[in-house]
Amino acid sequence: MKKTGRVNVSISGSLPAFAWMIFCMAIPLVYIVAISFMTKGTKWGIEPHFTFDNYKRVFDPLYIKIFVHSFFVAAVTTVLTLVIGYPFAFCVTFFSKRKQALIMTLLMIPFWTNTLIRVYGWIIILQKKGIINTVFTALNIFKSPHDFLYHQSTVMLGIVYTMLPFMILPVYNAIEKLDRTLIDASSDLGADKVQTFLFVIVPQTFSGIMTGCIMVFMPSIGIYYVSDLLGGANSILLGNLIKNQFFEARNWPFGAALSVIMSILSLALIRLYKKALGNKASIGIV
């Protein structure tokens, strides 16, 4: 009787969370999938006429090019954040616990501010009358102000800046849990620093690396506001395309089809992530 009572209490306690997930996740997802098979309408945005044309349109060379470009930008962003974030997180672990907490707090403080405000901060810095141009022109390094905005490199800078903490935090958490006795053992057995890093440190932190890569890669595909503000019309990513279909072209069914495709690709990446973590032990042995 007591066990049954505990089960009932557990089920009743989880009902609000379950209802919240149904209302905020399942229903919107079903709605997006449903309208992706409908046609564009003039009154409510959709007409209930079943069609596969929206998914056929996704494979137009123009949109395939945007998909490829978006994945390329996300991949480069992931690599850059890993190259920057891994050494940073590794160095932080050599400080005392108090200093580690201080450094990580300082890292997170700027991100307590709204992301849009911080992106506008980059606009102030990079515009023709911004800080960089003002200082460099005053020092005669620039003969005239340079136009740093509305380039692909500027968009990449903004995305890397936005996504960097999402790489550092999981990597730092993994490095902090390193079994440092294995590092000492590898040195005693004659391994140099490169070998120790590749065959001892990396396998132990592989889960943190993969988590960071997923947390950076997936949002980078759809982070449209950074490319809108820093790249303008010169940078169209998948997130921009979806946003434009919903708010400018008013083609909700096609925007929904693009969203479904992006969700499927994201689920495939998560599947690969889980498979990679499952093979973590074998990776460490190779």
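Here, every reference points to the structure presented above.
Please read all numbers here as calculations on a predicted model, not as lab measurements.

Asker: So what exactly am I meant to see when it comes to the pattern of salt bridges here?
Answerer: It is possible for side chains bearing opposite charge to pair when their charged atoms get close. Per the counting criterion, the structure on display carries 3 salt bridges. Residues participating in the shared-partner salt-bridge network are Asp 228, Lys 243 and Glu 248.

Asker: What is the right way to read the packing of aromatic side chains from this model?
Answerer: In the structure shown here, the tally under the stated rule is 13 aromatic pairs. Aromatic side chains Tyr 63 and Phe 254 sit 5.0 Å apart centroid to centroid with 55 degrees between the ring planes, which places their arrangement in the tilted category. On the criterion of sequence distance, the pair formed by Tyr 63 in helix α3 (residues 61-92) and Phe 254 in helix α13 (residues 252-278) is long-range, its members being 191 residues apart. Accessibility classification places Tyr 63 together with Phe 254 in one group, the buried group. Centroid distance Tyr 86 to Phe 197: 5.7 Å. Interplanar angle 85 degrees. Geometry classified as edge-to-face.

Asker: In this structure, what is going on with helix α12 (residues 238-247)? I would like to understand it.
Answerer: Every α-helix winds through 3.6 residues per turn, so residues three or four apart in the chain are directed the same way. Within α12, 9 of the 10 residues are buried, which leaves it mostly tucked inside the rest of the structure. Three or more residues of α12 are buried, namely Leu 238, Gly 239, Asn 240, Leu 241, Ile 242, Lys 243, Asn 244, Gln 245 and Phe 246.

Asker: I would appreciate a short explanation of the nonpolar core in the present structure.
Answerer: The biggest cluster of nonpolar side chains holds 33 residues, and the ones touching the most others in it are Ile 159 and Leu 230. Only α3, α4 (97-108), α5 (115-126), α7 (152-176), α9 (193-204), α10 (206-222) and α11 (224-230) provide two or more residues apiece to this core. The element that contributes the greatest number of residues to this core is α7, accounting for 11 residues. Once residues within four sequence positions are removed from consideration, Ile 159 is found in contact with Val 73, Thr 77, Ser 220, Ile 223, Val 226 and Leu 237.

Calculation rules
- Residues numbered from 1 in each chain as written.
- Predicted model: local features only at pLDDT ≥ 70, side-chain atom pairs only at ≥ 80, totals over all residues.
- Heavy atoms only, no water.
- Salt bridge = Lys/Arg side-chain N within 4 Å of Asp/Glu carboxyl O.
- Phe/Tyr/Trp six-rings, centres within 6.5 Å; stacked < 30°, edge-to-face > 60°.
- Helix = DSSP H or I, 4+ residues; strand = E, 2+ residues; numbered from the N terminus.
- Buried < 20%, exposed > 50% of the residue type's maximum accessible area, 1.4 Å probe, protein only.
- Core = buried A, V, L, I, M, F, W, Y, C linked by side-chain atoms within 4.5 Å.
- Contact = heavy atoms within 4.5 Å.

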